[in-house]
Amino acid sequence: MNHLRQLEDHSVYILREAYRHFDNLAMLWSMGKDSTVLLWLARKAFFGHVPFPLLHVDTSYKIPAMIEYRDRLAREWRLDLIVGQNTQALAAGMNHERGRVECCTALKTNGLKLLLEEKGYTGIILGVRADEESTRAKERYFSPRDKNNDWDFRDQPPELWNQFKTSFPPDTHIRIHPLLDWTEINIWEYIHFENIPFLDLYLNKGNGTRYRSLGCAPCTFPIQSTASTVPEIIEELRATNVAERAGRAQDEGRGMEMLRKDGYM
Amino acid sequence: MATCKTDTQAGASVRDRLNIVIVGSVDHGKSTLLGRLYADTGTLPEGKLEKIQAICKQQGKAFEYAFLFDAFLEEQQQGVTIDTARTFFQWAGRQYILIDAPGHKEFLKNMVSGAARAGAALLLIDALEGVREQSKRHGLLLSLLGITQVTVVVNKMDLVEYRQDTFRAVETEYRDFLSRLNVTPRFVIPCSARQGDNIVHAGARMPWYTGPTVLESLDNFSSEVDKTEQPLRLPIQDVYKFDACRILAGRLTSGRLRVGDELIFSPSNKTAVVRTIEAFNVDPPPTQARAGQSVGLTLNEQIFVERGEIICRAPSIPLVSTTFRANLFWLGRRPLATGTSCLLRLATREVECRVTAIHRIVDANDLSSETQTADALVRQNDVADITVQARAPLAFDLYADCEDTGRFVLVDGYDVSGGGIITGMIQDREDTLRTGARQRDFAWVRGNVTTEERAAHYGHHAALILLIGPDATGKTFLAKQLESVLVAEGRHAYLLDPENLRRGLDADVRNGDAGEMIRRYGEVARLLMDTGALLISTTNSFTLEDDRALDAIRTLVHPAPMLTVYMSRDTGPAPAAADLCFTGPEDFTATAHDVLAALKRNGTLTDATGTPSGFQVSI
Ligand SMILES: Nc1nc2c(ncn2[C@@H]2O[C@H](COP(=O)(O)OP(=O)(O)OP(=O)(O)O)[C@@H](O)[C@H]2O)c(=O)[nH]1
């Protein structure tokens, strides 16, 4: 069997388990390649439907083309899109110059926290992959978060044979990770295979650069690249040894472990 | 927005995928081996090695390859792996996920979580320390997890001066241990992860060894076994009704399926034919599916089936019982005792269960097992041979016949707390009746009117309302009231009094054979319910105790719903099986309406009243 179909079958299984077990479920969508593949997989799992809302935690610093793309797909695919924002932090002038980890914590982690509190979601589906960075490599498919959104990575529950953690104490929630086993290359292979619409910020449009990972405009930097088609991206990735998130500033030092312990995606 | 479409086959350069777990006792060098494997094949991200080396230097620590994957600060500070890490490795056309498992016994649940995802294992043993208790426990767990592709790696050969006799001693001891689990290692490889001998390069220090390096040995593992040629098993995961059509969703754990196939659902014993296989963005739509695929099916008729049932095809159908024997590994904090209740999850089925016997607890060290006394406890990290009894019958297989439907987990509190493989079915009290009922259902000849059509016509589903309780509590009186109220509403209701079977149907039953009388009663009830009727009945005439009679009747009319109404004079405890309880009612009409309300709540009565629907006969 094609390895992409194997990955797809497993992710679809996870999504269906999530939908079955969580009454108040939502999926995070950042419009990046991973969460868009995730959205596509939901359409696979539910035969063209997306039976839960999609959350976008808007930091207000996203690249405008991303917002345009978001609204367009939401319309075409009849998505229930919910946009959340930590307006208080923004009003108080939060930006990356106050410190990258601080800014991510306020606008993303806390932005998400606010949205979760408001809506009371008990299951959140995210497109994180184990190969992105080393704390994500240790995630479960169904990963509990406590009242404060904290991740107790020292004491994760057992997970075996596709029997996931679907019950949890009140006021806690579960993060669901259907893409854990996918690599960055698999994501592009699948986008190509299924012909999934994606943001062309990922392509070189003649100036010799492209984005490899999309985040907020001030903290995400394009890479030198001549890849202007998906097969060229795949070829480029096969040849490279540079980490994907090298262009993401918050990953420096122990930034990611601290962020993720406190509930960062 | 960009899209792409070319005709190249995506992923052509990847032949297949395999997950490999690296296990072994604490500090025997698992993380180091993993780090070496990446470093010596040049597959680490650029700058990662240099970065870790710089950090070590800055902090005045010796560099460890293990730091590459022990991501948490605490793991690096303590030098142990706490939780498993997935790492991605592509080599010789295969995409691997290498799973680094912790060796410390405190983190056994994490080791199991990692190993359960793998199709093969590398098991490390420190040449100097030799085979430890955890080395054996990991071997034992691998066998319970069904991982039979194992390569043993004898590490830290540098600490024993690369001596062949030391290696042979470890090899012999561990081979002997594995053979008792019926596992034959693919290879036993001497190496030094720290020095890099026999990881990627053979090196010159062990000329006496001529086998493969660790890297070379990976190719010898086969990828996930294709279970397509095994009997069909498709546990129903969910039933969707987004549009007009009802789609059964699930993943084939084994076998294959085609449009037009006749399916059997277990344990409900229902049957139907596959009409379509649904898929999004697949053109033309698929006409078949095989093991491993997540699919959606529509059927040729609307039968009511739920999550938890297993779809299969004759003649290879699963077993059905409440009780089985299993080998269990327990990871929960609370010890298991005889009588402990928890939730059983087998494929997509969930049902309450109880441990009814603890036969043996296995000593990982010598695999000996002691027969247990009645007050034995299965403690965290123990492996035990137990009997489990579920509250309702479920479909399953023996692990030896069908892996995915032959294993289960137990959920205690909020967490998955143990896993087991089924070694034997145990016949419960109802087994004979159940086997007969299954044969009868599979061979049932049906007309053109389906059960769903009948239900739509009558405005209710078929059900059995059974009144139980002590004598002279008004059961028969209430039964008559119920029948009147239901019929007055236009329902297809009928009072089936067991007394009426006695002189006719049961005339030839000898010596008041209670079992046979119950069987005949159950068959009659089953027939009448097939007409779509709401049957009302009492257990007055049976000489069996209520709970035995109920179990037998439930088995015979399964899967039709049964509503048990308990009537008594005093407020003593009601039997567990009772759905509704009434104490000395005076107003029987009101009581009858309470029962009606319950029937509405549980979905038996669908229309407000039984006004005839627009049922039409097409000729
Ligand atoms: N001399 C020598 N030391 C080794 C070798 N392999 C590993 N070590 C050392 O053994 C110690 C433990 O190694 P790890 O790789 O962390 O062990 P582990 O099996 O991953 O440990 P846990 O994951 O915590 O169970 C480290 O100090 C390593 O440097 C080897 O081949 N030779």
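Residues numbered from 1 in each chain as written. Chains lettered and ligands numbered in written order. Predicted model: local features only at pLDDT ≥ 70, side-chain atom pairs only at ≥ 80, totals over all residues. Heavy atoms only, no water.

Thoughts on the overall build of chain B
- Secondary structure summary: chain B contains 14 helices and 28 strands in total.
- Considering only C-alpha atoms, chain B reaches an extent of 90 × 65 × 45 Å along its principal axes.
- Sorting the 619 residues of chain B into buried and exposed places 54% on the buried side.
- In the structure as shown, chain B presents an accessible area of about 26,700 Å², 49% of it carried by carbon and sulfur atoms.
- Once the 67 positive and 78 negative side-chain charges of chain B are each reduced to a mean point, those two points are 2 Å apart. (Helix = DSSP H or I, 4+ residues; strand = E, 2+ residues; numbered from the N terminus. Buried < 20%, exposed > 50% of the residue type's maximum accessible area, 1.4 Å probe, protein only. Areas by Shrake-Rupley, 256 points an atom, 1.4 Å probe, with all protein chains shown as cover. Lys, Arg positive; Asp, Glu negative; His and termini not counted. Charge placed at Lys NZ, Arg CZ, Asp CG, Glu CD.)

Here's the deal with the overall build of chain A
- The helix and strand inventory of chain A stands at eight helices and eight strands.
- Taken over 265 residues, chain A has a buried fraction of 64%.
- Restricting to contacts in chain A with at least 6 residues of sequence separation, those with at least 24 account for 74%.
- As presented, chain A carries roughly 9,300 Å² of accessible surface, and 48% of it is formed by carbon and sulfur atoms. (Contact = heavy atoms within 4.5 Å.)

Thoughts on helix H2 (residues 33-45) of chain A
- The first and last C-alpha atoms of H2(A) sit 18 Å apart over 13 residues, in line with the 18 Å expected at 1.5 Å per residue.
- With respect to burial, H2(A) is a largely interior element, 13 of its 13 residues being buried. (Expected span 1.5 Å × (residues − 1).)

Focus: the side chain of A:Glu159
- Along the chain, A:Glu159 turns up in the loop between strand E5 (142-145) and strand E6 (173-176).
- From its side chain, A:Glu159 meets the backbone nitrogen of A:Tyr141 in a polar contact 2.9 Å long.
- Apart from residues no more than four positions distant in its own chain, A:Glu159 is found in contact with A:Arg140, A:Tyr141, A:Phe142, A:Phe164, B:Ser113, B:Ala116 and B:Arg117. (Polar contact = N/O pair within 3.5 Å; in protein donor to acceptor, adjacent residues only side chain to side chain.)

Let's talk about the nonpolar core
- In terms of nonpolar packing, the biggest core is built from 158 residues, with B:Leu33, B:Leu142 and B:Phe329 touching the most fellow members.
- Excluding residues within four positions of it along the chain, B:Phe329 makes contact with A:Leu160, A:Trp161, B:Val112, B:Leu141, B:Leu144, B:Leu145, B:Asp382, B:Val383, B:Ser417, B:Gly418 and B:Gly419.
- Of all hydrophobic cores here, the second largest spans 25 residues; its members include B:Cys353, B:Ala376, B:Ala384 and B:Ile386. (Core = buried A, V, L, I, M, F, W, Y, C linked by side-chain atoms within 4.5 Å.)

Looking at the packing of helix H1 (residues 3-21) of chain A against H2(A)
Residues and elements named next belong to chain A.
- For the pair H1 and H2, interaxial distance at closest approach is 9 Å and the crossing angle is 75°. With respect to H2, the element H1 is oriented roughly perpendicular. Side by side, H1 and H2 meet where Arg5, Glu8, Ser11, Val12, Leu15 and Arg16 of the first sit next to Leu38, Leu41, Ala42, Lys44 and Ala45 of the second. (Axes fitted to C-alpha atoms, helices over the stretch in contact; angles between N-to-C directions. Parallel < 35°, antiparallel > 145°, perpendicular 65-115°, else oblique.)

Brief notes about the site of the ligand
All names here are of chain B.
- Around the ligand, the surrounding shell holds 20 residues, and the nearest of these are Ser31, Thr32, Glu64, Thr81 and Asp158.
- Separating an oxygen atom of the ligand from a backbone N or O atom of Asp27 is a distance of 3.2 Å.
- Measuring from an oxygen atom of the ligand, one finds a side-chain N or O atom of Ser192 at 3.2 Å.
- Relative to its free-state accessible area of 650 Å², the ligand is covered by the protein chains to the extent of 92%. (Near = heavy atom within 4 Å.)

Section: the interface of chain A and chain B
- Counting from both sides, the interface comprises 78 residues of chain A and, opposite them, 82 residues of chain B.
- For chain A, the biggest contributors to the area lost against chain B are A:Phe47, A:Lys138 and A:Trp161; these three give 13% of the whole.
- Run the count over chain A and chain B and you get four salt bridges.
- For the pair chain A and chain B, the interface holds 25 residue pairs in polar contact (both at pLDDT 80 or more).
- Within the residue set of the side of chain A that touches chain B, elements represented by two or more residues are H1, H2, helix H3 (64-76), helix H6 (184-194) and helix H7 (230-239) of chain A.
- Looking at the side of chain A that touches chain B element by element, the count peaks at 13 residues for H1(A).
- Its residues assigned to classes, the side of chain A that touches chain B comprises 37 nonpolar, 19 polar and 22 charged. (Buried area = accessible area lost by both parts, 1.4 Å probe. Salt bridge = Lys/Arg side-chain N within 4 Å of Asp/Glu carboxyl O. Nonpolar A, V, L, I, M, F, W, Y, C, P; charged D, E, K, R; others polar.)

Here's the deal with helix H5 (residues 100-119) of chain A
Residues and elements named next belong to chain A.
- Taking 1.5 Å of rise per residue, 20 residues should cover 28 Å, and H5 covers 27 Å from first to last C-alpha, within 8% of that figure.
- Taken as a whole, H5 has its buried residues at Cys103, Cys104, Ala106, Leu107, Lys108, Thr109, Gly111, Leu112, Leu115 and Leu116.
- Trailing H5 by a residue or two, Gly120 shows a phi angle of about 65°, which is positive.

Details of the packing of aromatic side chains
- Under the counting rule described, the total for this entry stands at 29 aromatic pairs over all chains.
- With 4.9 Å between their ring centres and 65° between their planes, A:Tyr19 and A:Phe46 make a pair best called edge-to-face. You can see A:Tyr19 sitting in helix H1 and its partner A:Phe46 sitting in the loop between H2 and strand E2 (54-57), a full 27 residues away along the chain.
- The class for A:Tyr19 is partly exposed, based on a relative accessible area of 26%.
- Where B:Phe324 meets B:Phe408, the ring centres are 5.2 Å apart and the plane angle is 55°; that geometry is what we call tilted. With B:Phe324 in strand E15 (residues 319-330) and B:Phe408 in strand E22 (residues 407-412), this pair connects stretches of sequence that are 84 residues apart. This pair shows no difference in class: B:Phe324 is buried, exactly as B:Phe408 is. (Phe/Tyr/Trp six-rings, centres within 6.5 Å; stacked < 30°, edge-to-face > 60°.)

Examining the packing of H2(A) against H6(A)
All names here are of chain A.
- Across the interface, H2 lies against H6 with an axial gap of 10 Å and an inter-helix angle of 50°. Viewed along their axes, H2 and H6 adopt a mutual orientation that is oblique. Pair H2 / H6 crosses with left-handed handedness. Contacts between H2 and H6 pair Lys33, Asp34, Val37, Trp40, Leu41 and Lys44 from the former with Glu184, Ile187, Trp188, Tyr190, Ile191 and Glu194 from the latter.
- Residue composition of the contact of H2 with H6, by class: seven nonpolar, no polar and five charged. (Left-handed = near helix turned anticlockwise from the far one by under 90°.)

Structural notes on unusual backbone geometry
- Cis geometry marks the peptide bond from B:Asp283 to B:Pro284, where omega comes out at -5°.
- Among the secondary structure elements, B:Pro284 is positioned in the loop between strand E11 (271-278) and strand E12 (288-290).
- Of note, the amide linkage connecting B:His558 to B:Pro559 takes the cis form, showing an omega dihedral of 5°.
- Within the element layout of this structure, B:Pro559 appears in the loop between helix H13 (546-557) and strand E27 (562-568).
- For A:Phe47, which is not a glycine, the phi torsion comes out positive at approximately 55°.
- Tracing the chain through its elements places A:Phe47 in the loop between H2 and E2.
- The exposure class of A:Phe47 is buried, given its relative accessible area of 15%.

Some thoughts on the sheet that holds strand E2 (residues 85-91) of chain B
All names here are of chain B.
- In spatial order, the strands read E2-E3-E1-E4-E5-E6; together these six strands make up an open sheet with mixed pairing. In this open sheet, the two edge strands, each paired with only one partner strand, are E2 and strand E6 (188-190). Strand-to-strand, the axes of this sheet are offset by a mean angle of 25°, without reference to chain direction.
- In the sheet, E2 pairs with strand E3 (residues 94-100) via seven bridges, with the strands oriented antiparallel. (Pairing = 2+ DSSP bridges.)

Remarks on the environment of A:Glu184
- Its place among the elements puts A:Glu184 in helix H6.
- For the pair formed by A:Glu184 and A:Arg70, sequence separation is 114 residues and the distance between their alpha carbons is 21 Å.

A look at the domain arrangement of chain B
Residues and elements named next belong to chain B.
- On domain assignment, one finds that chain B holds domain 1 (16-218), domain 2 (227-312), domain 3 (319-428) and domain 4 (435-601).
- On a C-alpha basis, the centroid separation for the pair domain 1 and domain 3 is 31 Å.
- Each partner contributes to the interface: domain 1 provides 15 residues, whereas domain 3 provides 14 residues.
- Summed over both sides, the interface of domain 1 with domain 3 buries roughly 1,400 Å², with 65% coming from carbon and sulfur.
- For domain 1, the biggest contributors to the area lost against domain 3 are Arg137, Leu140 and Leu144; these three give 37% of the whole.
- If you look at where domain 1 meets domain 3, you find zero salt bridges. (Domains from an automatic or database assignment.)

Details of the pattern of salt bridges
Residues and elements named next belong to chain B.
- Within the structure shown, the criterion is met by 56 salt bridges over all chains.
- Residues Asp40 and Arg36 are paired through a salt bridge, measuring 3.0 Å at the closest nitrogen-oxygen approach. With a gap of four residues between them, Asp40 and Arg36 both fall in helix H1 (residues 30-41), about one helical turn apart.
- For Arg36, a relative accessible area of 11% corresponds to the buried category.
- For Glu523, the salt bridge is made with Arg440, and the minimal N-O distance between the two is 3.0 Å. Taken together, the residues Glu523 in helix H12 (residues 514-530) and Arg440 in helix H8 (residues 431-442) connect sequence positions 83 residues apart.
- Residue class for Glu523 comes out partly exposed when judged on its relative accessible area of 22%.
- The buried category is assigned to Arg440, whose relative accessible area is 15%.
- Connected through shared salt-bridge partners, Arg440, Asp441, Glu523, Arg526 and Asp530 make up one network.

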